[in-house]
Every structure is written in structure tokens, then in C-alpha cells.
Amino acid sequence: MIHLRRIAAILLRQFYLMRGSPARLLPVFVWAAIDIVLWGFITKYLNAITSAGPNFVPVLLGAVLFWDFFTRVMYGVTTTFLEDVWSRNFLNLFATPLSISEYLGGLVLSSVATSAIGLFVMLVLATAAFGLSFFGYGLMLIPYLLVLFLFGISLGILANALVLRYGPAAEWFVWPIPALLSPFAAVFYPVSALPHWMQYVSHLLPPAYVFESMRTILAGLPARPALLLWAGSLALLYILLTAWFFTRIHRYAIRTGLIARYSAETAS
Amino acid sequence: MTAETSGAGQAAATPKVLSITDLRKVYGRTVAVDGVSFHVGRNEIVGLLGPNGAGKTTIINIVLGILEANGGTIHVEGFDIAGHRRHALERTNFAAVYAPLPGNLTVYQNLRFFGLLYGVKGIAERITEVLKEFELEQFRNTKCGVLSSGEQTRVGLAKAMLNQPHLLLLDEPTASLDPASARDIRAKICEFAAKEGVGVLWTSHNMVEVEKVCDRVLFLSHGKILLEGNPKTLPRDHGKETLEDLFIAVAREPLTLEVNGP
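What counts, and where the lines are drawn
- Residues numbered from 1 in each chain as written.
- Chains lettered and ligands numbered in written order.
- Predicted model: local features only at pLDDT ≥ 70, side-chain atom pairs only at ≥ 80, totals over all residues.
- Helix = DSSP H or I, 4+ residues; strand = E, 2+ residues; numbered from the N terminus.
- Rg over C-alpha atoms; globule rule 2.2 N^0.38 Å.
- Buried ≥ 20, exposed ≤ 12 C-beta atoms within 10 Å, placed from the backbone.
- Contact = placed C-beta atoms within 7 Å.
- Expected span 1.5 Å × (residues − 1).
- Nonpolar A, V, L, I, M, F, W, Y, C, P; charged D, E, K, R; others polar.
- Pairing = 2+ DSSP bridges.
- Axes fitted to C-alpha atoms, helices over the stretch in contact; angles between N-to-C directions.

K.L.:
Which residues make up the overall build of chain A, and what values do they have?
P.N.:
A count of helical and extended segments in chain A gives eleven helices and zero strands. Tracing chain A from N to C terminus, the helices and strands come up as α-α-α-α-α-α-α-α-α-α-α. Against the compact-globule benchmark of 18 Å for 268 residues, chain A has a radius of gyration of 20 Å, which places it among compact chains. Referenced to the eigenvectors of the C-alpha coordinate spread, the extents of chain A come out at roughly 65 × 40 × 35 Å. By residue count, 44% of the 268 residues in chain A fall in the buried class. Long-range contacts, defined as pairs at least 24 residues apart, comprise 76% of the intrachain contacts of chain A with a sequence gap of at least 6.

K.L.:
Any details on the overall build of chain B? Residues and values, ideally.
P.N.:
Secondary structure assignment for chain B yields eleven helices and ten strands. Computed over C-alpha atoms, the radius of gyration of chain B comes to 18 Å, within 12% of the 18 Å expected from 2.2 N^0.38 for 262 residues, which places it in the range of a compact globule. Across its three principal directions, the C-alpha atoms of chain B cover 55 × 40 × 35 Å. Looking at chain B residue by residue over its 262 residues, the buried ones come to 52%. For chain B, long-range pairs separated by at least 24 residues make up 70% of all intrachain contacts whose partners lie at least 6 apart in sequence.

K.L.:
Just give me the short version of helix 7 (residues 141-166) of chain A, but keep the residues and values in it.
P.N.:
Every α-helix winds through 3.6 residues per turn, so residues three or four apart in the chain are directed the same way. Relative to the 38 Å expected for 26 residues at 1.5 Å per residue, helix 7 of chain A spans 37 Å between its end C-alpha atoms, a close match to the ideal helical length. Backbone geometry just downstream of helix 7 of chain A places glycine 167 of chain A in the positive-phi region, at approximately 95 degrees.

K.L.:
Tell me about the interface of chain A and chain B, and name the residues and values.
P.N.:
Residue-level contacts link 25 residues of chain A with 25 residues of chain B. Mapped onto the side of chain A that touches chain B, the elements with two or more residues apiece are helix 1 (4-19), helix 5 (90-94) and helix 11 (225-256) of chain A. The leading source of residues in the side of chain A that touches chain B is helix 1 of chain A, at eight residues. A per-class count over the side of chain A that touches chain B returns 13 nonpolar, eight polar and four charged.

K.L.:
Tell me what's going on with the environment of phenylalanine 56 of chain A, and back it up with residues and numbers.
P.N.:
All names here are of chain A. Assignment of secondary structure puts phenylalanine 56 in helix 4 (residues 56-86). Spatially, the C-alpha atom of phenylalanine 56 lies 17 Å from that of valine 210, the residues being 154 residues apart in sequence. Beyond its immediate chain neighbours, meaning those up to four positions away, phenylalanine 56 contacts Thr43, Leu46 and Asn47.

K.L.:
For helix 6 (residues 100-130) of chain A, give the residues involved together with the corresponding values.
P.N.:
Between its first and last C-alpha, helix 6 of chain A extends 43 Å over 31 residues, near the 45 Å set by a 1.5 Å rise per residue. Glycine 131 of chain A, located one to two residues past helix 6 of chain A, shows a positive phi value of around 70 degrees.

K.L.:
Outline the sheet that holds strand 1 (residues 16-27) of chain B, listing residues and values.
P.N.:
Residue and element names in this part refer to chain B. Reading across from one edge, 2-1-4-5 is the order of the four strands in this open sheet, with antiparallel pairing throughout. The open sheet has two edge strands with one neighbour each: strand 2 (30-41) and strand 5 (79-80). Here strand 1 runs beside strand 4 (residues 71-76); their pairing, made up of five bridges, is antiparallel. Following the sheet pairing, isoleucine 20 is matched in strand 4 by isoleucine 74. Packing against the sheet, helix 2 (residues 56-63) makes contact with strand 1, strand 2 and strand 4, and its axis sits at approximately 115 degrees to strand 1.

K.L.:
Explain the pairing of strand 9 (residues 216-221) of chain B to me, and be specific about the residues and the numbers.
P.N.:
All names here are of chain B. The buried fraction of strand 9 is high, at six of six residues. Here strand 9 shows a buried face lined by Arg216, Leu218 and Leu220 and a second buried face lined by Val217, Phe219 and Ser221. Sheet topology note: the strand 3 (residues 45-49)/strand 9 ladder contains four bridges and is parallel. Bridging across to strand 9, leucine 48 finds its partner in leucine 218. As judged from the five bridges shared by strand 9 and strand 10 (residues 224-229), these two strands associate in the antiparallel manner. Within the sheet, the bridge partner assigned to valine 217 lies in strand 10 and is glycine 229. Where strand 9 folds back onto strand 10 in an antiparallel hairpin, the turn is made up of two residues, including histidine 222, whose phi is positive at roughly 50 degrees.

K.L.:
Can you lay out the sheet that holds strand 3 of chain B for me, pointing to particular residues and giving the numbers?
P.N.:
The strands making up a sheet associate through hydrogen bonds between their backbones, and the pairing can be parallel or antiparallel. Residue and element names in this part refer to chain B. Read from one edge to the other, the open sheet built from six strands follows the order 6-7-8-3-9-10, with strand pairing classed as mixed. Across the chains shown, the open sheet's two edge strands, defined by having one partner strand only, are strand 6 (92-96) and strand 10. Adjacent strand axes in the sheet meet at a mean angle of 20 degrees, parallel and antiparallel pairs treated alike. Across four bridges, strand 3 lies against strand 8 (residues 199-203) in parallel orientation. Counterpart to leucine 48 in the pairing with strand 8 is threonine 203.

Structure (C-alpha cells):
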């Protein structure tokens, strides 16, 4: 039985930490805002030198915004978890009645809050400063964000499981994951531009379907909702798999004593 | 288990808060806990004594559900920790010198966070009560990381009593305190235990403290309980002057004290 109060506790703790710490609050939107500014000027420049060509603002700047949203969602899940690593809080935390599903629920809820702030700032900046119009994506905007959100959650849980298994130093696993995936996710180019072996990987990544769909719509072609439904289902499957994986790792940590001696990074 | 039970009669009559049966934990080839069985009754303070590495913290970690045993059972007020972890842990809390609360949260924030996790009802009033109880009101909005070790110990104890547990696990709760503070803290723990009818499992290397607060002690060595009894009479029963002498004997020559040993 899941208790909402325990899930709320994780969210409340994150609120306390962010409220008193600009070092935590600023990364929620600053890096994304810098990306929007950088790519905003790049797209403006590209539009200027190819005046008769396509409008790069929705294609490139929109892609950057969506990718940054996905990254913020993933980091939202991982940074909330890392707070417990950094403050050596596992012993106190896991000795409470908190269940793993409640804990993961709290991490997801924290990510919803932080990624919503990041998305809002990016939307305002991209619209006001660079004229990005979301009407171009139509109602498909909602499934785009949903698929990216779900996939970000699944990757965040996976990264947390790796850190739990390999100790605090494994934090470095977390940060490069979006960069590692971006070539396969076809953020800025069609999947067909990739070599065959990379395309196989792309088909397993829900964001690739989002970016393909986005380019299709902007090219004036009909959207294919079935593909996005498939992408959403794939992302949900990944959440289930990674939550199962995290639970297994947690069980391993309990069985071997790793939780109680986490700073040692190994149970033996 | 090879334990003598000279002083356990009174405790056996009280309802059991914690029941441990044939507990076993092995790390690789090292046997950390070897067939340990004991219980803690309501309104009873039981001292778990033994040299470093005897298995005391391992037992506490298993009771807290953060370490899995290789064998045996643990029940907290009838709830099996393996099968009914949530129910068992709602009735339990702990304080340990090696588990300070997050230093980047204030005292109030920590208590609210853990209060929610333990499902404390009327949380605002309860926080006010424990802050007053442990004389922490002035530190309510101070980050735990900037408190002295003694103040942090008091915050840890305030957290431990937040959910009014029926089972309280204290792993060297006064280890970082000066004698005056330690005496005050001991008095507060004993008062809380008596008032709420709590069962307390208390580890300490301070034998004077143990003799003062514990109704019963268990001597642990190499993962086994060697002796059990009243801390005031147990030393004389084994030809020793003080509890400290008995502790040293257990630590150095455990085989000579095993009642049914090989």
C-alpha cells in the first residue's frame, strides 16, 4: 500500500533544499536557458543566410527545447536521489517504513516540479526572444512532452540504480547519459541519416520517434500518432524495467550490507 | 545460543516488543551473527554488549531492515520484519552516532521529513514536543551540519522518539557526549522509555552507563550470546568485581565464559 505522505516527504525535502540553495535552484533552468539562447542565435543566423530555405527555428530550436526538457526530467530524478548519497542519508532513510515504490514516486514527483520550472523558462525564452511558435506542433506537443518525460524518468531510475550499486563515485555515470544517447535519438537529423547499426539503436529510443514526428509535422506531412503511441508504450516499458532493476539492486544492497556501508562502495 | 539467563525472569513476563530467534548473518566466510536468540519486553531496557566486531551493529541493522539475515526470524510486536517490514518499522526507531541526520537541512526540516516518513500524526505538535524535550527549541531553524556533536546527538534522539516507537534501538547513543550531557541524555531516554512503555535495545561500551540504565544485558562475542542477566548481579555470578571486568573477560577469553561451550 502506497502512502502519499511518504511520497510527499521526498518532495518536501527537495523543496527545503532548493529553497535555501541557489546552487540547486539555478541549474534547474540556467543551462537550459543558455542552450535556448545559443541555439536561438544559431537558428536566427541560419535563417538569415538561407532566406529562401526552411525555417530553422521550430526544427532546431524546438528540438533543443525538447531535448533539454528530457534531460531536466532525468536529472530531476537523479539529483533528488543524489541528495541522499551526498548527505549519507541511506541508513536513516531506508530504516523508515518508506517503500521503494514510494521512494521512486517521490523522486518522480520532485522531477515533475523541477522539470516544469525548466520547461516554463525555456518556453518563455524561446517564444519571446526567438519567436518559436508551438502552434506549429499542434496537439502533438502533448504526446511529445509525455514521451520525453516518461523516458527521462526511466533513465533517471536506471542511473540511480547504477549509483546505488557502484557507490558514490559512480555519480559520473549520470551526467553524460543524455549526451551519449543524443546521436542515436536523432535530435537534429532524421534517423535515416544514421548508419544502419545506429538506426537499430534509434528504433529502441522513444525520443527518436518524437523528433522524427516533429520534423514530419513541420514538413507539412501528416502526423503518425501510432508511432508516438508505440514510443510512449516503449517508455512505459522502460520505466517498469528500470524500476524492477532498481528494486533488484536495492535488494542486493540490503542482502550484502552495502546500504549500511555505502561509503565503502563495496560490500566486501 | 549458549546463554545463561540468570536475570531474565522478570523480563520474560512482560509482553515482547522484539523477538529474535536463531538469527544468523554471514559475510563471505565470516560469521557475523551466529544463531542469536533473545527478546526485549515492553518497558524494558536491554543492553547489547560486546567488543568491537562482536556483531552488535549487525544485529541492529538487521532489525532495522537495512541488512538481510541469512537465517532466523525477527518480530516487532508480532510483525515479521521480512514479511511485514512497514508495520514493523512504523513501531521502531533508532539513533546511532554513525547515522547523523542530513546536515544540509535544519532541525525542524529534518524532523518534519522523518515525521512524514514515519507517518506521525499531529506532526507539528509532536515536533514542538520533542524540540522541548531535548532542549532544541533554539536550534529549530539551525542546519544540523553546524551543530556540535552533542547537539546532533540530541537531534538524532529527537528523531528517534518522534513516532513514539514501541521499540527503540540505540547504538552508543552517548558516545560523543561529555559526562554531564551523557547523564542528561540517559535520564531523558529512561524517562521516555518508562513513560511510553518502550522496549529499548541499547549498545554501549560505557559499563557504568549500562549498569545504571539496563534492566538486563546480553554479552555478545564472535556473533554469539555468551551471557545474559542482570547487570548488577552478573559480574559477581561470574567471579568478577565489576561489569567492566566481565566485559574484558568476555572480550579476551570468551571460551572460559561459555556455559555450554565446546
